[in-house]
Amino acid sequence: MARSRLTPERESELYAAVLDLLREVGYDALTMDAVAARTHSSKATLYRQWGSKPELVATALRHNKPSGFDRIDTGSLRGDFQALLELVDDCQMEKDTALMRGLAHAVHTHPDLHQALRELLIEPELNGFSEFLNRAVRRGEVRPDNPALDFVPHMLIGALVARPLIDDQPVDRPFLTSYVNAVVLPSLGV
């Protein structure tokens, strides 16, 4: 997957256009032709660079959401979560949550999209998050046999899905902060 022909700036423009189109038309109606037209590039270039629509979408999402896990190490799990939550942009979070809801529906009918999201977005995020939690275990803040360790991603994703459904409110930093302090940290014994 040689991406050397595109400058980082051009790649960012392409990814932004893909996400804009996804928000406008959804995954099913998104085409490589539409991306090519929107970005003034050739469809051949898109296929040469990314191979497929699912791979392009997953890579665009990954690029849009750079993980902060590897850059955060405050010395405590509570501090790490606070630092992570400070990276949350409420407006971007609302847009991303809506986008992910649409994609969550699309993965049921597009196994190739599900596979690309798992490989390019979900697994790298989970690996980074696992290391984030493992640091707390190594520091002695969380017992290594705490069963909640395996479910922290589920808890956080559950909060993202449940808030709009239950409270008819967008997910924002104050909600996530309260949730982490009331649910996630206590479940880990912190």
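Structure shown above.
Starting afresh in each chain, residues are numbered from 1 along the sequence in its written order. Under the rules for a predicted model, residues below a pLDDT of 70 receive no local features and side-chain atom pairs below 80 are neither given nor counted, while totals for whole chains, interfaces and linings still include all residues. Heavy atoms from the whole structure form the basis of all side-chain values; hydrogens and water molecules are not counted.

Participant: Describe the overall build of the chain, naming the residues involved and giving the relevant values.
Facilitator: Counting secondary structure elements, the chain contains 9 helices and 0 strands. Each helix (α) and strand (β) of the chain, taken in turn from the N terminus, gives the series α-α-α-α-α-α-α-α-α. Taking all 190 residues of the chain together, the buried fraction comes to 39%. Working rule for contacts: check all heavy atoms of both residues, and any pair within 4.5 Å makes them a contact. Once local pairs closer than 6 in sequence are excluded, the contacts in the chain between residues at least 24 apart make up 69%. Here the open area of atoms and residues is found with the Shrake-Rupley method and a 1.4 Å probe, where only the protein chains shown may cover a residue. Per element, the accessible surface of the chain, about 10,500 Å² overall, is 56% carbon and sulfur. Counting 21 positive and 27 negative side-chain charges, the chain places the averaged centre of each group 3 Å from the other. Only runs of H or I of at least four residues qualify as helices and only runs of E of at least two qualify as strands under DSSP, and these elements are numbered from the N terminus. Here's how the labels work: a residue is buried when its accessible area is under 20% of the maximum for its type, exposed when over 50%, partly exposed in between, all with a 1.4 Å probe on protein chains only. When charges are counted, Lys and Arg are positive and Asp and Glu negative, with His and the chain ends excluded. Charge placement uses NZ in Lys and CZ in Arg. For Asp and Glu, CG and CD serve respectively.

Participant: Pulling in residues and values, what's your account of a nonpolar patch on the surface?
Facilitator: Within the patch definition used here, like charges are joined within 9 Å and nonpolar side chains (Val, Leu, Ile, Met, Phe, Trp, Tyr) within 5 Å, considering only residues with over 30% relative accessible area and no salt bridge. Salt bridge, as used here, is a side-chain nitrogen of Lys or Arg placed within 4 Å of a carboxyl oxygen of Asp or Glu. Side chains of Ile157, Val161, Leu165 and Ile166 sit close together on the surface and give an oily, nonpolar patch of about 460 Å² of accessible area. Along the chain, the position of Val161 falls in helix 8 (residues 152-167).

Participant: Got a sec to walk through unusual backbone geometry? Specific residues and values, please.
Facilitator: Across residues other than glycine, the phi torsion is negative in most instances, and most of the peptide bonds are trans. In this structure, His40 takes a positive phi of about 55° despite not being glycine. In this structure, His40 sits in the loop between helix 2 (32-39) and helix 3 (43-50). According to the relative accessible area criterion, His40 is exposed, its value standing at 74%. One non-glycine residue, Asp168, lies in positive phi territory at about 55°.

Participant: Account for the packing of aromatic side chains, with residues named and values stated.
Facilitator: When the centres of two rings from Phe, Tyr and Trp lie within 6.5 Å, Trp using its six-membered ring, the rings pair. Their planes under 30 degrees apart give stacked, over 60 give edge-to-face, and anything left gives tilted. This model, assessed by the stated rule, comprises 5 aromatic pairs. On the numbers, 6.2 Å between centres and 70° between planes, the contact of Phe81 with Phe129 is edge-to-face. With a gap of 48 residues between them, Phe81 in helix 5 (residues 77-86) and Phe129 in helix 7 (residues 111-138) connect regions that are remote in the sequence. As far as the burial class goes, Phe81 and Phe129 line up, both buried. When the centroid spacing of 5.5 Å and the interplanar angle of 20° are considered together, the rings of Phe129 and Phe132 count as stacked. Of this pair, Phe129 and Phe132 both sit in helix 7, 3 residues apart, roughly one helical turn.

Participant: Which residues make up the pattern of salt bridges, and what values do they have?
Facilitator: Pairing between side chains becomes possible if they bear opposite charge and their charged atoms approach one another. If you walk through the whole model with that rule in mind, you get 14 salt bridges. The salt bridge involving Arg38 is made with Glu24; its shortest N-O contact spans 2.7 Å. Taken as a pair, Arg38 in helix 2 and Glu24 in helix 1 (residues 8-29) lie far apart in primary sequence, 14 residues in all. When its relative accessible area of 36% is taken as the criterion, Arg38 is described as partly exposed. Between Asp145 and Arg143 there is a salt bridge whose closest N-O contact spans 3.0 Å. Classification of Asp145 by relative accessible area gives exposed; the value is 53%. Note on Arg143: relative accessible area 54%, which makes it exposed. Connected through shared salt-bridge partners, Asp73, Asp80, Arg135, Arg139 and Glu141 make up one network.

Participant: Summarise the packing of helix 8 against helix 9 (residues 173-187); cite the residues concerned and give the values.
Facilitator: Axis geometry follows a simple rule: fit a line to the C-alpha atoms, using only the stretch in contact for helices, then measure angles between N-to-C directions, giving values from 0 to 180 degrees. Two elements in contact, helix 8 and helix 9, have axes whose closest approach is 11 Å; the angle formed by their N-to-C orientations is 145°. Viewed along their axes, helix 8 and helix 9 form a crossing whose handedness is right-handed. Of the residues in helix 9, those in contact with Val152, Met155, Leu156, Ala159, Leu160 and Arg163 of helix 8 are Phe175, Leu176, Tyr179, Val180, Val183, Val184 and Ser187. Taken together, the residues of the contact of helix 8 with helix 9 break down into 11 nonpolar, 1 polar and 1 charged. Less than a right angle of anticlockwise turn of the near helix away from the far helix marks a crossing as left-handed, whereas a clockwise turn marks it as right-handed. Just so you know the grouping, Ala, Val, Leu, Ile, Met, Phe, Trp, Tyr, Cys and Pro go in nonpolar, Asp, Glu, Lys and Arg go in charged, and all remaining residues, Gly too, go in polar.

Participant: Requested: an account of the side chain of Lys53, with residues and values cited.
Facilitator: Its place among the elements puts Lys53 in helix 4 (residues 53-64). Put simply, Lys53 is tucked away with no salt bridge, and the nearest opposite charge, on Asp28, sits 5.6 Å away. A distance of 2.8 Å separates a polar atom in the side chain of Lys53 from the backbone oxygen of Leu30. Once you skip the residues sitting within four places of it in the chain, Lys53 turns out to touch Tyr27, Asp28, Leu30 and Met32. Polar contact is the term for a pair of N or O atoms within 3.5 Å; when the atoms are in protein, one must be able to donate a hydrogen and the other to accept it, and sequence-neighboring residues count only if both atoms are side-chain atoms.

Geometric descriptors of this kind do not, in isolation, establish any biological role.
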